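# Chain and residue survey
Okay, here's what each chain looks like letter by letter:
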Amino acid sequence: MRLDMIASIAVIALATTTPVLAAGDAPYAGRWDCGVATFSFTADSYDAGEGPMPIRKVEKQDGNYILSFDGNYQIGLSSVTPTSMQWLSMASGDMFDCKRLKP
């Protein structure tokens, strides 16, 4: 494949990728007690206690968020308020009610 074609494909891929939200645009950022564990979120990572995973894509619709990670793993965050949210695993169907922990 020619170098100019590879560069064109890379530009198109970058232009169509949904960027990770800035910290101010990520109302789920913080530490959450979800009953089974403390989950931590930043604008660009998620940690369920096993080490941070980079968030590869964030989709927002009507105040709900779908976070995508490597290996086609996704979680859904809904009803996000300053003090609570619901966490859903797309893989297992597990759902947890989470309460924000004070910093």
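Check the entry above for the structure.
Here goes a summary of the coordinates provided. (Residues numbered from 1 in each chain as written. Predicted model: local features only at pLDDT ≥ 70, side-chain atom pairs only at ≥ 80, totals over all residues. Heavy atoms only, no water.)

### Let's talk about the overall build of the chain
Counting its secondary structure elements, the chain contains one helix and nine strands. Each helix and strand of the chain, ordered N terminal to C terminal, gives the series α-β-β-β-β-β-β-β-β-β. Sorting the 103 residues of the chain into buried and exposed places 23% on the buried side. Taking the contacts inside the chain whose residues are at least 6 apart along the sequence as the reference set, 29% of them involve residues at least 24 apart. When the accessible surface of the chain is totalled, it reaches about 6700 Å², and 57% of it is carbon and sulfur. (Helix = DSSP H or I, 4+ residues; strand = E, 2+ residues; numbered from the N terminus. Buried < 20%, exposed > 50% of the residue type's maximum accessible area, 1.4 Å probe, protein only. Contact = heavy atoms within 4.5 Å. Areas by Shrake-Rupley, 256 points an atom, 1.4 Å probe, with all protein chains shown as cover.)

### Details of the pairing of strand 2 (residues 38-41)
Where burial is concerned, the two faces of strand 2 differ: the one with Phe39 and Phe41 is buried and the one with Thr38 and Ser40 is not. The turn joining strand 1 (residues 30-33) and strand 2, which pair antiparallel and follow one another in sequence, is formed by four residues; a positive phi near 85° is taken by glycine 35. Where strand 2 meets strand 3 (residues 45-47), two bridges bridge the pair, whose relative direction is antiparallel. Bridge pairing in strand 3 links phenylalanine 41 to tyrosine 46. Joining the antiparallel neighbours strand 2 and strand 3 is a turn of three residues. (Pairing = 2+ DSSP bridges.)

### A short note on the nonpolar core
Counting 20 residues, the largest nonpolar core has Tyr28, Phe41, Leu67, Ile75, Leu77, Met85 and Trp87 as the members making the most contacts within it. Of all the secondary-structure elements, those providing two or more residues to this core are strand 2, strand 6 (64-68), strand 7 (74-78), strand 8 (84-89) and strand 9 (95-100). The residues contacting isoleucine 75, other than those within four sequence positions of it, are Phe41, Tyr46, Tyr65, Ile66, Leu67, Phe69, Trp87, Leu88, Ser89 and Met90. (Core = buried A, V, L, I, M, F, W, Y, C linked by side-chain atoms within 4.5 Å.)

### A short note on unusual backbone geometry
Residues other than glycine seldom take positive phi values, yet aspartate 62 does so here, at roughly 50°. Within the fold, aspartate 62 resides in the loop between strand 5 (57-61) and strand 6. Looking at aspartate 62, the relative accessible area reads 72%, which means it is exposed.

### Some remarks on the sheet that holds strand 6
A sheet is described by the order of its strands in space; here nine strands give the open sequence 4-3-2-1-9-8-7-6-5, paired in antiparallel fashion. Both edges of this open sheet fall to strand 4 (53-54) and strand 5, since each of them pairs with a single strand only. By the bridge criterion, five bridges tie strand 5 to strand 6 in an arrangement that is antiparallel. Counterpart to glutamate 59 in the pairing with strand 6 is isoleucine 66.

### Let's talk about the state of the cysteines
Each disulfide consists of one covalent bond between the sulfur atoms belonging to two cysteines. With the rule as written, the count across this model stands at one disulfide. Here cysteine 34 is linked by a disulfide to cysteine 98, with a sulfur-sulfur distance of 2.0 Å. Sign of the S-S torsion, about 115° for the bond between cysteine 34 and cysteine 98, identifies this disulfide as right-handed. With cysteine 34 in the loop between strand 1 and strand 2 and cysteine 98 in strand 9, the pair connects residues that are 64 residues apart, well separated along the chain. (Disulfide = S-S within 2.5 Å.)

In short, the description is geometric, and any link to function would need to be established separately.
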